[in-house]
Amino acid sequence: MKVTPWEVEGKIDYDRLIKEFGTKPITSKILKRIEKHTGELHYLLRRGIFFCHRDLDWLLDKYENGESFYLYTGRGPSGYTHLGHLIPWILTKWLQDKFDAELWFQLTDDEKFLFNQKLDIEDAKKYAYENALDIIALGFKRGKTFIFTDTDYSGELYPQAIKVAKKITFSTAKAVFGFKNESNIGQIFFTSMQSVPAFLPSVKKGKNIPCLIPLAIDQDPHFRVARDVLPKLGFYKPAIIHSKFMPSLSEGGKMSASDPQSCIFTTDTPGEVERKIWNAFTGGRGSLKEQKEKGGNPDICPIYQYYYFLFEQDDKKLKEIYNSCRSGNRTCGECKRELIDRINSFLKKHQERREKAKKVLDKFILKS
Ligand code: TYM
């Protein structure tokens, strides 16, 4: 298993990650505390798809004592958005609605340029604004949502990033991110840019404001470093809530944009969705006869995981899908057909909202 901000490989053992990264599991006690404020629990919390955290209890203490928090999350624009990226953003949108929180959304075009040999900065910028359309399409609130690319907002970000950079040694960066002597120096500096939105609103408002960062666990190392440095600069440590990975359509691994067949992009056509889902790995048996006799295995099946992560939000109906697969009543063909229809109706609406987002993009974007 390998989980870094740039590579996720192998079978992910989430309990082991909790131990190795030093995060805390999300307990039913903390979920009840959230529910007290939100009135209900989002399915991503209920199902444990968001499974661990840092300082979420502290953030709730602050909230209960009258200090409201803001949200911060982001995207490295190396291509179009895939469905896996939406997972942290869907919970972020729910949190924005429930807590009436501002969202600061960072598009790290600099990161993708520095880490991807084939991507030039103009392409990263182009993808950044493509990705911004997906963010707006999810329905984040205008006037409370601030989206920016690192290069276009550098006037605000850079003066803060150098304060962070001054507190991080090369040996820390090497230990946390595995840099080598051959790594380019932009890569080594980059984590300071990703830490800035975790305190920039505090700088702007001239007082400390608690920050909550929803992300998938691969991005945690950046904030491990940021959480060490920020108190030294007089700011709160950001709280974090971590999600699991929506899996690849192939066997094992996470949905990753670097393998286009492993994922569904928000810009895919109905035909592309159909082809990718038909070609996907499943937990089905070798023949229909065997499937009927022995049943399938949803626990290893990415098609089932798609229902679980996004396309069946009703727990009772999800259980029915699970049980009918296990008992051999549901064939992989039926299951795939139904999923294709659900994904395509989701994407149809999303793509319409994406088109509309083009007209209001400038109302969300910050530049310096
Ligand atoms: P990036 O573009 O790799 O990913 C964007 C967000 O999506 C999450 N993610 C996934 N979640 C569920 N299932 C998957 N298969 C999956 N793949 C990716 C990532 O964890 C991330 O939350 N450097 C960052 C951009 C960034 C950022 C941030 C992310 C800047 N500031 C603050 C989170 C929080 C990046 O390249 O993300």
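Quick look at the structure, then. As a convention, each chain's residues are numbered from 1 in the sequence order in which they are written. This being a predicted model, a pLDDT of at least 70 is required before a residue's local features are given, and a value of 80 or more before pairs of side-chain atoms are given or counted; all residues contribute to the totals for chains, interfaces and linings. As a rule here, side-chain values cover all heavy atoms of the structure and leave hydrogens and water aside.

## Re the site of the ligand
- As a structural note, the neighbourhood of the ligand is formed by 25 residues, with R75, G76, E111, Q194 and D218 the closest of them.
- By the criterion applied in these results, polar contacts are pairs of N or O atoms within 3.5 Å in which, for protein atoms, one can donate a hydrogen and the other can accept it, and in which residues neighboring in sequence qualify only through two side-chain atoms. A distance of 3.0 Å is found between a nitrogen atom of the ligand and a side-chain nitrogen or oxygen belonging to Q106.
- Measuring from a nitrogen atom of the ligand, one finds a side-chain N or O atom of Q219 at 3.1 Å.
- Taken together, the elements giving at least two residues each to the shell around the ligand come down to β5 (70-75), α5 (83-99), α6 (109-115) and β8 (211-216).
- The secondary structure listing takes helices from DSSP runs of H or I that are at least 4 residues long and strands from runs of E that are at least 2 residues long, numbered from the N terminus. If one sorts the elements of the shell around the ligand by residue count, β5 sits on top with 4 residues. We call a residue near a given molecule or strand whenever any one of its heavy atoms falls within 4 Å of it.

## Quick notes on the nonpolar core
- Among the nonpolar cores identified, the biggest contains 70 residues, and L83 and Y306 are the most heavily contacted of them.
- The biggest single contributor to this core is α5, with 9 residues.
- Working rule for contacts: check all heavy atoms of both residues, and any pair within 4.5 Å makes them a contact. Excluding residues that lie within four positions of it along the chain, L83 makes contacts with M246, M255, I264, Y306, L310, F311, F346 and L347.
- By convention a nonpolar core is built from buried Ala, Val, Leu, Ile, Met, Phe, Trp, Tyr and Cys residues, the set being connected through side-chain atoms within 4.5 Å. Only protein chains enter the area calculation, which uses a 1.4 Å probe; residues under 20% of their type maximum are buried, those over 50% are exposed, and those in between are partly exposed. F177, A198, C211 and I240 belong to the second-largest nonpolar core, a separate cluster that totals 30 residues.

## Things to note about the environment of L230
- Within the fold, L230 resides in the loop between α12 (220-229) and β9 (239-243).
- A residue is classified by how much of its surface remains accessible, and L230, at 0% relative accessible area, is buried.
- C-alpha separation for the pair L230 and T331, spaced 101 residues apart in sequence, amounts to 53 Å.
- Once you skip the residues sitting within four places of it in the chain, L230 turns out to touch A198, F199, F235, Y236 and P238.

## Concerning the sheet that holds β9
- Read across the open sheet, the 7 strands follow the order β3-β4-β9-β8-β5-β6-β7; overall the sheet is mixed. If you trace the sheet from one side to the other, it starts and ends with β3 (24-25) and β7 (145-149), each paired once.
- Looking at chain direction, β8 and β9 are connected through 5 bridges and run parallel. Its bridge partner lying in β9, A216 is registered against S243. Criterion used throughout: strands pair if DSSP finds at least two bridges between them.

## Considering the packing of aromatic side chains
- Only the six-membered ring of Trp is used, alongside the rings of Phe and Tyr, when aromatic pairs are assigned; centres must lie within 6.5 Å, and planes under 30 degrees apart are stacked while those over 60 apart are edge-to-face, with the rest tilted. This model, assessed by the stated rule, comprises 24 aromatic pairs.
- With a centroid separation of 5.3 Å and 80° between ring planes, the pair formed by Y80 and Y127 is classed as edge-to-face. With a gap of 47 residues between them, Y80 in the loop between β5 and α5 and Y127 in helix α7 (residues 121-137) connect regions that are remote in the sequence.
- With relative accessibility at 17%, the residue Y127 sits in the buried group.
- A network of ring pairs unites the aromatic residues W6, F115, F177, F179 and F190 as a single cluster.
- Charge over a ring is defined by NZ of Lys or CZ of Arg lying within 6 Å of the ring centre and within 35 degrees of the ring normal. One Lys or Arg, K126, reaches over the ring of Y127 and ends 4.6 Å from the middle of that ring.

## With respect to the pattern of salt bridges
- A side-chain nitrogen of Lys or Arg and a carboxyl oxygen of Asp or Glu constitute a salt bridge if their distance falls within 4 Å. Summed over the entire model, instances satisfying the criterion amount to 33 salt bridges.
- Across the pair R46 and D315 runs a salt bridge, and its minimum N-O distance is 2.9 Å. Of this pair, R46 sits in helix α3 (residues 43-46) while D315 sits in helix α16 (residues 315-326), placing them 269 residues apart in sequence.
- Classification of R46 as partly exposed rests on a relative accessible area of 39%.
- Across the pair K62 and E67 runs a salt bridge whose closest N-O atoms are separated by 3.4 Å.

## Notes on the side chain of S192
- With respect to the helices and strands, S192 occurs in helix α10 (residues 185-195).
- For S192, a relative accessible area of 2% corresponds to the buried category.
- Each residue touching S192, except ones within four places of it in the same chain, is listed here: A161, V164 and A165.

## Thoughts on the environment of R16
- In this structure, R16 sits in helix α1 (residues 14-21).
- Assessed through its relative accessible area of 37%, R16 is described here as partly exposed.
- Separated by 15 residues in the primary sequence, R16 and M1 place their C-alpha atoms 9.9 Å from one another.

## Thoughts on the pairing of β9
- Judged by how many residues are buried, β9 sits mostly within the fold: 5 of 5 residues are covered.
- Across 4 bridges, strand β4 (residues 50-54) lies against β9 in antiparallel orientation. By the bridge assignment, H53 is partnered in β9 with I241.
- Remark: the β8/α12/β9 crossover connection has right-handed handedness. Whether a crossover is right-handed comes down to one check: with the strands pointing away from the viewer, does the path from the first strand over the helix to the second run clockwise; if it does, it is right-handed.

## A look at the packing of α7 against helix α17 (residues 332-364)
- Helix axes are fitted only over the stretch in contact, all axes being lines through C-alpha atoms; the angle between N-to-C directions runs from 0 to 180 degrees. Viewed as axis vectors pointing N to C, α7 and α17 meet at an angle of 105°, and their least axial separation amounts to 7 Å. In terms of orientation, α7 lies roughly perpendicular with respect to α17. Contact residues: Y129, E130, A132, L133, D134, I136 and A137 in α7; H350, R353, R354, A357, K358, V360, L361 and F364 in α17. By the definition adopted for this analysis, an angle is roughly parallel if under 35 degrees, roughly antiparallel if over 145, roughly perpendicular if from 65 to 115, and oblique otherwise.

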